[in-house]
Amino acid sequence: MTAERIPGAPARRLVVVGSGIAGLYSALLAAEAGADVVLLSKGALADSNTFFAQGGISAVLDEPAPGDTVAAHITDTLKAGAGHCNGEAVRVLCTEARLDIMGLERFGVRFDADDDGDPALGLEAAHSAPRILHTGGDATGAGVANALILAVLDAQDAGKIQVLGHAQATSLIQSEGRVTGVEFLRNGRLESAFGDAVLLATGGAGQLFAQTTNPSVATADGLALAWRAGAELADLEFFQFHPTSMVLPAAGGSAPLGADPLLISEAVRGEGAILVDANGERFMPGYHPDAELAPRDVVSRSIALHLASLGDPNGHVFLDARVVEAKKGEGFLEKRFPTLSARTREAGLEWTLEPVPVAPAAHYWMGGVVTDLFGRTSVPGLLAAGEVACTGVQGANRLASNSLLEGLVFGRRAVEGFLGEGFLGWAPSNGTPPRAPHDLPNLASSAREPGSRGPTAAGGLAFTHASGIPHDGAQRTNAGRQLDATLILGPSGTTEPAGALTAWQPELVPEPFSRTALRRLMTAKAGVLRTGGLLREAAEALDAWADVVLPENMPDSADPRGHEDANLLLAAQLLVRAAGARRGSLGAHYRSDAVETRREEIVQRYTIRRKASLVND
């Protein structure tokens, strides 16, 4: 079956894959501008990282908090990114934020107000002024997603958007080097949707790890699709872990597959909650002078180090909020954190009477598919926005509440690029995204600089698979053991085969491939704490599993789970390659065996490309 063109719609068609904030918002904007839009959702429209976001959206409004400025937001973002951000992308994000907040309000989002009826602006860690907008208190993601979903359903009823739910994207369709559509599984059948471009808005890959704040749909699908189609990837070593995600009591130390995640907001520790180990001992003061109020990455590393010292790297600690209730009065937690109170009770815990089991959880992937500032990748016809993309705006460590904002700003800009003159003629010859056209439509009524170009994400590890690979994939040498790629280290052009990071040791693979085994391996060897030895062991195990799963090729299966498994394994291999190549610690990438990082290495880009000799084997 092929998704049919909507009668009377204009010729230009956009296929959007994903139903988080970037996918929903961009689909609405494209349809509003007159494009023919097909929106694919892997599950129901609400199945996305966006829906589970407790935090808010950062923006400096027309009437900001006293002393706040766009320049301050830019500075805070650059500082959090550890010197690894794309400065132009950060400028765009912070300057245009207020425009897309108005866009959300136009689609029905209602932000929380203070007693005077003005926007209630919150203050979060690493922000220098209150600039965080919320809806529903600690349920911002759900509030935003619900409003956008209702708007999409209205557009569907009006014949402006074609929604295809429970559609698992399996491969990108290419013709003459250009992406022209997407194949997907739906109701056990392989179907296709064609368009003038495909926008990937598929979110992240938290399911790589044993503990994650991401829902079960976060399985690196978009990243894997883009890699197989030949797109460049970057910054994959930078994966942010939130320190306190609830561990379900029945899960034995990790969330079961398919379970809804529950992040315990940092605001709980801000109110006075403490972390204790299984012996009831408070341990954070021994790791940092700010104890539980240390920066997010410090708290995550401290928990991981403490668990490792106890011989249980896949274990958990406890967040004790009873001290908050005792200090601030009975009923305080229920009033201050209504969603968390309800969710902990649903899990069989009463957090006013007992500590909550928590562990660092994979939260957000700063890396992804390299794009320019208008969402365009190195493959003609392929766009990306949101967490799956890498504009360079997040750098090596994301600033809190900038992720939903990125999906808005760059989702909208991707649509502007798609609707601009010259888009259909886009055919970069050097493997990099093109220059922005001079006459892009202005969906946010914001100024554009003539001839502006969105630089590709600076620094990090950029990965490129062969473009134009047929659907059945190229023949592999050494079975699936090593990615068919060459790793280029730094600007000197020195090359090292990707496989040189590893040497085959079958004893390091004690069990057959399964998603549970993959998640435990990644947590223990490529999670919060990393060393060269652990990363080599991870690479060897992953390559052994790849002998069987063959993740570089599209699985020949009608089972969506088989496609997810292949995507996760491929993403794991790429992440481990990136982490192994960056020998110094930077931002969210922490190596306890780190070498000293020079300034030029902070922004250094590495590239991995498929070996040309293997493309036609």
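Residues numbered from 1 in each chain as written. Predicted model: local features only at pLDDT ≥ 70, side-chain atom pairs only at ≥ 80, totals over all residues. Heavy atoms only, no water.

### Things to note about the sheet that holds strand E11 (residues 239-246)
Link 1 in the chain: Here 4 strands make up an open sheet; going across it, the order is E11-E14-E13-E12 and the pairing antiparallel. Looking at the sheet topology across the chains shown, the edges are occupied by E11 and strand E12 (274-276). Geometrically, the sheet is characterised by an average inter-axis angle of 45° between neighbouring strands, direction not taken into account.
Link 2 in the chain: Two elements, E12 and strand E13 (residues 317-320), share 3 bridges in a ladder whose sense is antiparallel. Counted as the bridge partner of Ile-274 is Asp-320 from E13.
Link 3 in the chain: Against the sheet, helix H7 (residues 296-309) contacts E11, E12, E13 and strand E14 (356-365), and its axis sits at roughly 70° relative to E11. (Pairing = 2+ DSSP bridges. Helix = DSSP H or I, 4+ residues; strand = E, 2+ residues; numbered from the N terminus. Axes fitted to C-alpha atoms, helices over the stretch in contact; angles between N-to-C directions. Contact = heavy atoms within 4.5 Å.)

### With respect to a negative patch on the surface
Link 1 in the chain: A contiguous patch of negative charge, built from Glu-63, Asp-114, Asp-115, Asp-116 and Asp-118, is present on the exposed surface.
Link 2 in the chain: Positionally, Asp-114 belongs in the loop between helix H3 (87-106) and strand E4 (132-133). (Patch = residues over 30% accessible without salt bridge, like charges linked within 9 Å, V, L, I, M, F, W, Y side chains within 5 Å. Areas by Shrake-Rupley, 256 points an atom, 1.4 Å probe, with all protein chains shown as cover. Salt bridge = Lys/Arg side-chain N within 4 Å of Asp/Glu carboxyl O. Lys, Arg positive; Asp, Glu negative; His and termini not counted. Charge placed at Lys NZ, Arg CZ, Asp CG, Glu CD.)

### Some details on the confidence of the model for the protein chain
Link 1 in the chain: When pLDDT is averaged along the protein chain, the result is 82; 79% of the residues meet or exceed 70.
Link 2 in the chain: Segment residues 445-481 is flagged for pLDDT under 50; beyond a separation of four residues in sequence, or across chains, it makes 147 contacts in the model.
Link 3 in the chain: Of the regions scoring below 50 in pLDDT, residues 486-506 engages in 46 contacts with residues more than four places distant in sequence or in other chains. (pLDDT = per-residue confidence, 0-100.)

### Remarks on the packing of helix H12 (residues 515-526) against helix H14 (residues 560-581)
Link 1 in the chain: Packing of H12 against H14 leaves a shortest axis separation of 11 Å and a crossing angle of 15°. When the interaxial angle is binned, H12 and H14 end up roughly parallel. Two packed elements cross with a definite hand, and for H12 against H14 that hand is left-handed. Across from Arg-515, Leu-518, Met-522 and Ala-526 in H12, the residues of H14 making contact are Arg-561, Glu-564, Asp-565, Leu-568, Leu-569, Ala-572, Leu-575 and Val-576.
Link 2 in the chain: When its residues are assigned to classes, the contact of H12 with H14 shows 8 nonpolar, no polar and 4 charged. (Parallel < 35°, antiparallel > 145°, perpendicular 65-115°, else oblique. Left-handed = near helix turned anticlockwise from the far one by under 90°. Nonpolar A, V, L, I, M, F, W, Y, C, P; charged D, E, K, R; others polar.)

### Details of the sheet that holds strand E8 (residues 189-194)
Strand pairing in a sheet relies on backbone hydrogen bonds, with the paired strands running either antiparallel or parallel.
Link 1 in the chain: Overall, antiparallel pairing links the 3 strands, which are arranged E6-E7-E8 in an open sheet. Of all the strands in the sheet, the pair left with one neighbour each is strand E6 (168-175) and E8. Taking each pair of neighbouring strands and ignoring which way they run, the sheet shows an average axis angle of 30°.
Link 2 in the chain: Across 7 bridges, E6 lies against strand E7 (residues 178-186) in antiparallel orientation. Across the sheet, Ser-175 pairs through a bridge with Arg-178, a residue of E7.
Link 3 in the chain: Strands in contact with H14 are E6 and E7; relative to E6, the strand with the most contacts, it is inclined by about 70°.

### Digging into the packing of aromatic side chains
Link 1 in the chain: Within the structure shown, the criterion is met by 8 aromatic pairs.
Link 2 in the chain: An angle of 90° between the planes, with centres 6.2 Å apart, marks the rings of Tyr-25 and Phe-107 as edge-to-face. Placement of the pair is Tyr-25 in helix H1 (residues 21-32) and Phe-107 in the loop between H3 and E4, with a sequence separation of 82 residues.
Link 3 in the chain: Residue classification places Tyr-25 among the buried positions, given a relative accessible area of 2%.
Link 4 in the chain: Judged by its relative accessible area of 14%, Phe-107 falls in the buried class.
Link 5 in the chain: Both rings, one in Phe-513 and one in Trp-545, keep their centres 5.6 Å apart while their planes meet at 75°; by these two values the pair is edge-to-face. Here Phe-513, found in the loop between strand E20 (494-497) and H12, pairs with Trp-545, found in helix H13 (residues 532-549); they are 32 residues apart in sequence, far enough to count as distant.
Link 6 in the chain: Among the aromatic residues, those joined into a cluster by ring pairs are Phe-209, Phe-239, Phe-241 and Trp-365.
Link 7 in the chain: One residue, Arg-12, lies across the ring of Phe-418, its end atom 5.7 Å from the ring centre. (Phe/Tyr/Trp six-rings, centres within 6.5 Å; stacked < 30°, edge-to-face > 60°. Buried < 20%, exposed > 50% of the residue type's maximum accessible area, 1.4 Å probe, protein only. Lys NZ or Arg CZ within 6 Å of the ring centre and 35° of its normal.)

### Overview of the packing of H1 against helix H11 (residues 403-419)
Link 1 in the chain: In the contact formed by H1 and H11, the axes pass within 8 Å of each other and the chain directions differ by 35°. Relative to H11, the crossing made by H1 is right-handed. Counting all contacts with H1, which are made through Ile-21, Ala-22, Tyr-25, Ser-26, Leu-29 and Ala-30, the residues of H11 involved are Leu-404, Gly-407, Leu-408, Gly-411, Arg-412 and Val-415.
Link 2 in the chain: A breakdown of the residues in the contact of H1 with H11 according to their chemical character gives 8 nonpolar, 3 polar and 1 charged.

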